[in-house]
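What the coordinates show
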Amino acid sequence: MLAQVRTPMVEASTDAIERFRAAVAGGLGLQFEEAKLGFLAGVLQRRLQITGQPVERYLSRLESEQDQDEVGALAQELTVGETYFFRNADHYRALTEHVLPERLAAHGAARVLRILSLGCASGEEPYSLAIMARTVIQDPAWPVSILGVDVNPVILDKARRGRYSEWALRETPADVRHRWFRAEGGHLVLDDALREAVRFERHNLVDEHARVWQLDPFDVIFCRNVLMYFTPAQAHALVGRTARLLQTGGYLFLGHAETLRGLSTAFHLRHTHGTFYYQRKDAPGSAAQREQAPPARAHGLPLPADGGGFRLRPEELADTWIATIGRAAARVAALAEAPRPRPIARAGQQKPGWELGLVLELLRKERFADALAMVEALPPESGGDPDVLLLHAVLLTHGGQLARAEEVCQRLLDVDDLNAGAHYLLALCREGSSDVSRALHHDQAAAYLDPGFAMPRLHLGLLSRRAGDRAAARQELGQALVLLQREEASRILLFGGGFGREALVALCRAELVACGGMP
Ligand SMILES: C[S@@+](CC[C@H](N)C(=O)[O-])C[C@H]1O[C@@H](n2cnc3c(N)ncnc32)[C@H](O)[C@@H]1O
């Protein structure tokens, strides 16, 4: 007999709740974990009562996508509409100082700027975009077209009204508030001209036939705090459609806790104004732009006014993490006496998807030189394989061949700009060249792309401590300590610099104590 989930009104079988969960994932993209099944059961029961349908009929209609009104009603129950004006101010700074000027220059004579807010909720985001666009583009001859899209019809009605509470403007600068809002009956009402500049349309982002996907491409798309609620498959599909809806060189902004890692290779990662965002590939000069991206300013680390590298003094170099890794690798190499293995892959013998298990085995045995020789003996066709490139870069870094390691990392980033491992290795290489600002940039990129990755956090902690920023060091090392304890063993093997989990945890604790933190 099926288990039952009970409420005072109705009861739905576990089977029905599972079907409901799958229909919600298929129909709205939303993912609900096991822990949320009780909540889903409550929603299902309420919808059965309101619609007056028997459970079988209700679920069948939902599964066959016949009932878009019901999808809208479910959106009201199941989506999170939290938003406010100028959420993540760093995004708006990057937008006004970097993205919009670049897009305007790219347009030349074609005078229209198109901006889209996907999952716009009650309108605070597209209206913030309209304010920023109007601030940057004061020439009325430049039309700015802004569209907000959401699946929830009730929240869109609120957006169209343009009336907000004080709370919705909690991050809005006073001058902006003064310029674009008027007080009325305890609310703040948006300027009419601005309200008219933004259109709202109801579309379901999981519907690949929705009209929004047929529109002319956009310069900038904000799709913030939407993907984080989606199943991986729906997130992947949504990112693909979004990439196609961007102009070449157009920009995509995600929420702070979201990344495209593992979802798309159609974008370059951009890092300015202390924040990350994405640019569709094939932008003219985009490779050059990546190299010229302003260095990271974080953790209060001193950067010279000209934005050039913050460099280590020679006597400091011996004390760096990359130097420590080099010493560990050299010690291990001196101890290794095992005979050299034969190369593992020969053209024609191995299918692409090279047998890297033996290389990892050598790495595990700390036979770094042998592992490197084995990777370098792979056929040239393996040179485009991201796994081979990553392993090659790891081994070169271990062996202190930092210039070559950087070259391989850059090749890897050309294939996959969002590879967190490549960014971490580049951070080590840049530190080895005493270029701390680029080291910081790459560590931050690695930590942003993969929030569970312990090593860039540890490295950021060490860099911050050396720069005398004890508070930032404590924060990074504290996070590294937590992450290290649950880090995958294979990642410690690859990126631990020859140190095991226990040694890294001990190092992290000692560093934390040294900068006044709790071990
Ligand atoms: C947390 S809000 C984000 C609001 C705004 N983008 C921000 O970051 O402040 C998420 C929004 O995504 C919308 N949403 C969720 N699933 C959707 C779908 N399948 N199609 C369209 N919008 C969806 C929700 O209705 C909600 O308004």
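Here's what I pulled together on the structure shown here. (Residues numbered from 1 in each chain as written. Predicted model: local features only at pLDDT ≥ 70, side-chain atom pairs only at ≥ 80, totals over all residues. Heavy atoms only, no water.)

1. Topic: the overall build of the protein chain
Assigned secondary structure in the protein chain consists of 23 helices and 12 strands. Relative to its 519 residues, the protein chain shows a buried fraction of 53%. A sequence separation of at least 24 residues applies to 71% of the contacts in the protein chain between residues at least 6 apart. Roughly 23,200 Å² of accessible area belongs to the protein chain as shown, and the carbon and sulfur atoms make up 53% of that amount. (Helix = DSSP H or I, 4+ residues; strand = E, 2+ residues; numbered from the N terminus. Buried < 20%, exposed > 50% of the residue type's maximum accessible area, 1.4 Å probe, protein only. Contact = heavy atoms within 4.5 Å. Areas by Shrake-Rupley, 256 points an atom, 1.4 Å probe, with all protein chains shown as cover.)

2. Observations regarding the packing of aromatic side chains
Overall, the coordinates contain 17 aromatic pairs when judged by the stated rule. When the centroid spacing of 5.8 Å and the interplanar angle of 50 degrees are considered together, the rings of tyrosine 251 and tyrosine 277 count as tilted. Taken together, the residues tyrosine 251 in strand S10 (residues 246–254) and tyrosine 277 in strand S12 (residues 275–280) connect sequence positions 26 residues apart. The ring of tryptophan 167 carries the charged tip of arginine 170 above its face, separated from the ring centre by 4.0 Å. The ring of tryptophan 180 has arginine 179 lying over it, and the distance from NZ or CZ to the ring centre is 3.9 Å. (Phe/Tyr/Trp six-rings, centres within 6.5 Å; stacked < 30°, edge-to-face > 60°. Lys NZ or Arg CZ within 6 Å of the ring centre and 35° of its normal.)

3. Focus: the packing of helix H14 (residues 357–364) against helix H15 (residues 368–376)
Following both chains from N to C, one finds H14 and H15 inclined at 165 degrees, their axes separated by 8 Å at the closest point. Our classification of the angle between H14 and H15 gives roughly antiparallel. By crossing handedness, the relation of H14 to H15 is classed as left-handed. Within the contact between the two elements, H14 uses Leu358, Val359, Leu362 and Leu363 and H15 uses Phe368, Asp370, Ala371, Met374 and Val375. Residues that form the contact of H14 with H15 fall into these classes: eight nonpolar, no polar and one charged. (Axes fitted to C-alpha atoms, helices over the stretch in contact; angles between N-to-C directions. Parallel < 35°, antiparallel > 145°, perpendicular 65-115°, else oblique. Left-handed = near helix turned anticlockwise from the far one by under 90°. Nonpolar A, V, L, I, M, F, W, Y, C, P; charged D, E, K, R; others polar.)

4. Details of the site of the ligand
The full set close to the ligand counts 19 residues, and Thr83, Arg87, Gly119, Asp150 and Asn225 are the nearest of them. Measuring from an oxygen atom of the ligand, one finds a side-chain N or O atom of arginine 87 at 2.8 Å. Contact between the ligand and arginine 224: a nitrogen atom at 3.0 Å from a main-chain N or O atom of the residue. Considering the ligand on its own, with 600 Å² of exposed area, one finds that the protein chains cover 99% of that surface. Classifying every residue of the shell around the ligand gives seven nonpolar, seven polar and five charged. (Near = heavy atom within 4 Å. Polar contact = N/O pair within 3.5 Å; in protein donor to acceptor, adjacent residues only side chain to side chain.)

5. Overview of the pairing of strand S4 (residues 144–150)
Within S4, seven of the seven residues are buried, leaving the element largely enclosed by the surrounding structure. Residues of S4 alternate between two faces, with Val144, Ile146, Gly148 and Asp150 on one and Ser145, Leu147 and Val149 on the opposite face, all of them buried. With six bridges connecting them, strand S3 (residues 113–118) and S4 associate as parallel partners. Among the inter-strand pairings, isoleucine 115 is bridged to a residue of S4, identified as isoleucine 146. (Pairing = 2+ DSSP bridges.)

6. Thoughts on the sheet that holds strand S5 (residues 163–164)
In spatial order, the strands read S5-S7-S6; together these three strands make up an open sheet with antiparallel pairing. Both edges of this open sheet fall to S5 and strand S6 (181–184), since each of them pairs with a single strand only. In the sheet, S5 pairs with strand S7 (residues 187–190) via two bridges, with the strands oriented antiparallel. If you follow tyrosine 164 over to S7, its bridge partner there is leucine 188.

7. Quick look at unusual backbone geometry
The phi dihedral of asparagine 88 is positive, around 60 degrees, even though this residue is not glycine. By the secondary structure assignment, asparagine 88 is in the loop between helix H4 (68–78) and helix H5 (89–107). Judged by relative accessible area, asparagine 88 falls into the buried class, the value being 16%. Positive phi, normally seen in glycine, also occurs at asparagine 225, with a value near 60 degrees.

8. Some words on the environment of arginine 163
Note that arginine 163 resides in strand S5. Here the alpha-carbon distance between arginine 163 and glycine 186, two residues 23 residues apart in the chain, equals 9.8 Å. Side-chain polar atoms of arginine 163 contact the side chain of glutamate 184, separated by 3.0 Å.

9. Side note on the nonpolar core
The nonpolar side chains of soluble globular proteins are, as a tendency, buried together. The biggest cluster of nonpolar side chains holds 110 residues, and the ones touching the most others in it are Phe20 and Tyr278. The leading source of residues in this core is helix H16 (residues 386–398), at eight residues. Counting residues in each nonpolar core, the second largest holds 39 residues, with Val99, Ala159, Leu188 and Phe253 among its members. (Core = buried A, V, L, I, M, F, W, Y, C linked by side-chain atoms within 4.5 Å.)

10. Some details on the sheet that holds S10
Strand order in the open sheet made by the seven strands is S8-S4-S3-S9-S10-S12-S11, with mixed pairing throughout. Pairing within the sheet leaves two strands with one partner each, and these edge strands are strand S8 (198–202) and strand S11 (267–272). Ignoring strand direction, the axes of neighbouring strands in this sheet form an average angle of 25 degrees. Set on the sheet, H5 makes contact with S3, strand S9 (218–223), S10, S11 and S12; between it and S10 the angle comes to about 175 degrees. Relative to S10, helix H10 (residues 232–244) is tilted by about 135 degrees, and along the sheet it contacts S3, S9, S10, S11 and S12.

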